[in-house]
Structures are given as structure tokens and as C-alpha cells.
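One letter stands for each residue in the lines below.
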Amino acid sequence: MLNVLAERPEHALKFLLATCGVGPLSHDHFYSDVIDYLVNHYMGGNAIIARNDFNEFFDSIMTLLTKFTNAEVAISDFAVMKLFMNTSITQAEALYAALLAREKRMGINTRHRVAARIGEIGASDVAVHILETLYKDGWTFHTGNIISVCAIVLRGSQRDPNQKLRESDIFEKLLHFGLKPSIAFYNILAQNAVESGDHETAWKIYDMILENGMEPSPHTFSILINDAKWRVDAEALDRLTWEQHELGIRNEFVANDMIHATWLIHEHMRRHLRRQDPREIFERRRKNWTRRTLKTYIHYFHLGPLLDLSPEIFGSFPEHLRTEDMEGDKGMKMHPDMKTLNLMVTSAVQCSVETDNVFLLYQRYKSLLAAGPPDFVRLARSGTCVEEAF
């Protein structure tokens, strides 16, 4: 066997299968050591095993595990963990069933890592069973590592429709195990609901967050903003805007999501009404929606860079908003990043429907680039769509 391992490791498992159970062994851990060597050879360190090669390797290991008892052919936690790190959902279920039949007891750290990995790919039933063994062993579900594993399992709970446990079942079990869910878990529930097309459940979860006295995180708002955006739900977006103001949420990513959502809804309504309304009604409503997008922007960001480009568009705010931008609340407002500037400038171009206005805007844009203010120079170099919009 040593010669085979050294010279032809690809044939070692076949040799092992052919000779397993024949004759006395030099020591009790012979098979375990050989399996460890092969697992490390193919999957240890930075080694990447091809899927077809792994399937063949996995089938050979499964033959050993199902044909012989644990006393005859043992397998280490190291080998178990490496195998689970490469399995499909079906393979993970088969391997776990074989380990249970052999009464193989994995260590706590191994169970943590295995539950996280197979939960991530969607093998929720097995992952929850592993968490249940930790619970029965008296493990508390208050520490950082186990909380992270629970979050991963819950996030992957909808990836395989063939799993017996539904997301609600998993969440109920986690609560039974002693998990005290933070806002991150409610975010996962909302995200899963949005991705599955069940926006009503997502908003019920949001209501539950508020009713339980929890404070939504920026990620909570991003999930719901994107839901409102793709459903073109202006009323839901208005609600989120108001509640962000009330809670004092000022986050760059949330701000970008909100501005983008406001503009997309603006564009959707603009295209829809252009086909129905007389020109003068359409123009009046277009201006109102434009001001709505700009009002969202000014809540989060300083106007400075945009006022340099077009005071006609970006300066068309009520006096109290312009005063607030320049004097009050200045310490809380953010400087716009490139994505935000790109969105606002391209939006301004699209709103300048008259050719003269677009030409004037383009002249100012080129003048700003020539003058070299940092914001517009970075905008031009960042590969954005401003030039294409013009």
C-alpha cells in the first residue's frame, strides 16, 4: 500500500477496496490513515479536485463506509469535513446517512463547519439535524460561531425545494434551540421572501420588526427598497423614506438604493403617461417627479458638485431645503460617491428634453472637466455612462 500511495495514488482507493477485510492489519487505524492521506492529497490545502474525479472518489469512500462497520474501517473528522466541503446536496445527504448508520460522532468544530457548508448549498434538513445534535449535547446558541452557522442555514433554506423543512420550520427550531434572533435574522427572512416573490411576507416581517421594538438596519431598508423598486411601488417607497427620516438612517448604500428606486419609478411613470396624457400635463408631472428624485438626493448628500453643473435643475429647491444643505445638518450629510453622481448627472441629461438645454449642460460638463474639480474628473475616469447619456 505504501508503494501505491507513493507512486500511483490514483489507484490507491481501488487497491484499498480490493484488499479491504483480507488478512490482519498492522494497526487499527490503517484504513483511516490511508483515507486521510488520499483526502489530503486530492482536497488538502489549495488542491482543487475536478467534479468527475470527486464523484468517483466519493463513490469509493461510500462503498467503504456502507460495506464495513466503523470498527472495521474508521474515518476521521478531517476526512469527513473535506468530503462535505465538496459534496452536492444529494451526496451530503447520503454521506450523513452513512455516518449516522455507523454511529460516527463528529466533533463540535467539525459539526459547525459541516452544518455551515451544507446549509449554504441548501441541504437544510441535514444541517438542521446537525444543529439539533449540538443542542442535545448542551451547546448554547448564544455564541458568535453558532449564530453565524444558524444564519447561513436559514439563508440557504429555499435553495432546494425538495427539502422537508420549510424556512418557517427551520426558524421555529432555531428558536427552540435557544437562538435569540438579531435584526440580521429578520433581514434573512425578508430577503428570502423577496427573492421567492412573496413581497407581502417580506413587509409583514418588516412590520414585525417595528412592532417588536427592533430598529431596522440599513440592510433591512435596502432589501425593501429594492422590492419596492422592482414592483414600481411608489407608496411603499414613500413609507420607507419617511421611516428612514424618523429613525435618522443615513447610510451611503441605502441612499444610493433609494435614489435609484425613486428615479426608476419616475421613469416608469414618465413612459407610461407619455402615451396617455396631453403634453402639458405630462411635462408638469415630469417636473414633479424630477423634484421628488432631487429631494431624495438632498436628504442624504451635499448639493455642491451638482450645483456647479446645473444650477437650473439642481438649484430648483424650496429655500428651506437649500438653506439646510448649506447651513444646518451639514455635519450629517454625505459627499456623493461616483455611482450617485453618475446617476444624478445622467438623470439630469435625460430630463433636459430640449436640445438647447442638453447642449448647455454638455458645455458645462466639459468646462468642469477642463477646470479639473476632483468629483467630475473622477466621474469621467470611472467608466460611467455620462458621455453616453449626452
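Before reading on, note that the structure itself is shown above.
Residues numbered from 1 in each chain as written. Predicted model: local features only at pLDDT ≥ 70, side-chain atom pairs only at ≥ 80, totals over all residues. Heavy atoms only, no water.

A. Quick peek at the overall build of the protein chain. The secondary structure content of the protein chain amounts to 23 helices and 0 strands. Buried positions account for 46% of the 390 residues belonging to the protein chain. Look at the contacts in the protein chain between residues 6 or more apart in sequence, and 69% of them connect residues 24 or more apart. Surface exposure of the protein chain reaches about 20100 Å², of which carbon and sulfur atoms provide 53%. (Helix = DSSP H or I, 4+ residues; strand = E, 2+ residues; numbered from the N terminus. Buried < 20%, exposed > 50% of the residue type's maximum accessible area, 1.4 Å probe, protein only. Contact = heavy atoms within 4.5 Å. Areas by Shrake-Rupley, 256 points an atom, 1.4 Å probe, with all protein chains shown as cover.)

B. Region of the structure containing unusual backbone geometry. Of note in the backbone geometry, Glu 103 takes a positive phi value of approximately 55 degrees without being a glycine. Relative to the helices and strands, Glu 103 is located in the loop between helix 6 (89-101) and helix 7 (108-121). The exposed category is assigned to Glu 103, whose relative accessible area is 70%. Positive phi values are uncommon outside glycine, yet Val 232 reaches one of about 55 degrees. Summarising the element assignment, Val 232 is placed in the loop between helix 13 (218-231) and helix 14 (234-247).

C. Main features of the side chain of Gln 91. Assignment of secondary structure puts Gln 91 in helix 6. Reaching out from Gln 91, the side chain makes a polar contact with the backbone nitrogen of Ser 88 at a distance of 3.0 Å. Here Gln 91 is in contact with Arg 51, Phe 54, Asn 55, Phe 58 and Asn 86, once residues within four sequence places are set aside. (Polar contact = N/O pair within 3.5 Å; in protein donor to acceptor, adjacent residues only side chain to side chain.)

D. Here's a closer look at the pattern of salt bridges. Inspection of the entire model under this criterion finds 9 salt bridges. Linking Arg 155 and Glu 195 is a salt bridge whose minimum nitrogen-to-oxygen distance equals 2.7 Å. Of this pair, Arg 155 sits in helix 9 (residues 144-155) while Glu 195 sits in helix 11 (residues 183-195), placing them 40 residues apart in sequence. Residue Arg 239 is joined to Asp 207 by a salt bridge in which the shortest nitrogen-to-oxygen separation is 2.7 Å. With Arg 239 in helix 14 and Asp 207 in helix 12 (residues 199-211), the pair connects residues that are 32 residues apart, well separated along the chain. When its relative accessible area of 28% is taken as the criterion, Arg 239 is described as partly exposed. On the accessibility criterion, Asp 207 (27% relative accessible area) is partly exposed. Each of Arg 105, Arg 111 and Asp 137 takes part in a single network of salt bridges with overlapping partners. (Salt bridge = Lys/Arg side-chain N within 4 Å of Asp/Glu carboxyl O.)

E. Spotlight on the packing of helix 13 against helix 14. Interhelical geometry of helix 13 versus helix 14 gives an angle of 155 degrees and a closest axis separation of 9 Å. In this view, helix 13 runs roughly antiparallel relative to helix 14, as classed from their interaxial angle. Judged by the sense of rotation from one axis to the other, the crossing of helix 13 with helix 14 is left-handed. For the pair formed by helix 13 and helix 14, the contact residues are Phe 221, Leu 224, Ile 225, Ala 228 and Arg 231 on the first element and Ala 236, Leu 237, Leu 240, Glu 243, Gln 244 and Leu 247 on the second. Residues of the contact of helix 13 with helix 14, tallied by class, amount to 8 nonpolar, 1 polar and 2 charged. (Axes fitted to C-alpha atoms, helices over the stretch in contact; angles between N-to-C directions. Parallel < 35°, antiparallel > 145°, perpendicular 65-115°, else oblique. Left-handed = near helix turned anticlockwise from the far one by under 90°. Nonpolar A, V, L, I, M, F, W, Y, C, P; charged D, E, K, R; others polar.)

F. Representation of the nonpolar core. By size, the foremost hydrophobic cluster in this structure holds 62 residues, and its most contacted members are Ile 35, Ile 75, Phe 84, Ile 118 and Leu 131. If you tally residues by element for this core, the top one is helix 4 (residues 51-67), at 7 residues. Sequence-distant contacts of Ile 75, that is, excluding residues within four places in its chain, are made with Ser 32, Ile 35, Ile 61, Leu 65, Asn 70, Val 80, Leu 83, Leu 99, Arg 102 and Lys 104. Within the second largest apolar cluster, 43 residues are counted, among which are Trp 203, Ile 249, Val 254 and Leu 306. (Core = buried A, V, L, I, M, F, W, Y, C linked by side-chain atoms within 4.5 Å.)

G. Geometry of the environment of His 299. Structurally, the position occupied by His 299 is in helix 16 (residues 279-300). For His 299, a relative accessible area of 14% puts it in the buried group. Separated by 34 residues in the primary sequence, His 299 and Lys 333 place their C-alpha atoms 7.6 Å from one another. Not counting chain neighbours up to four residues away, the residues in contact with His 299 comprise His 245, Arg 250 and Lys 333.

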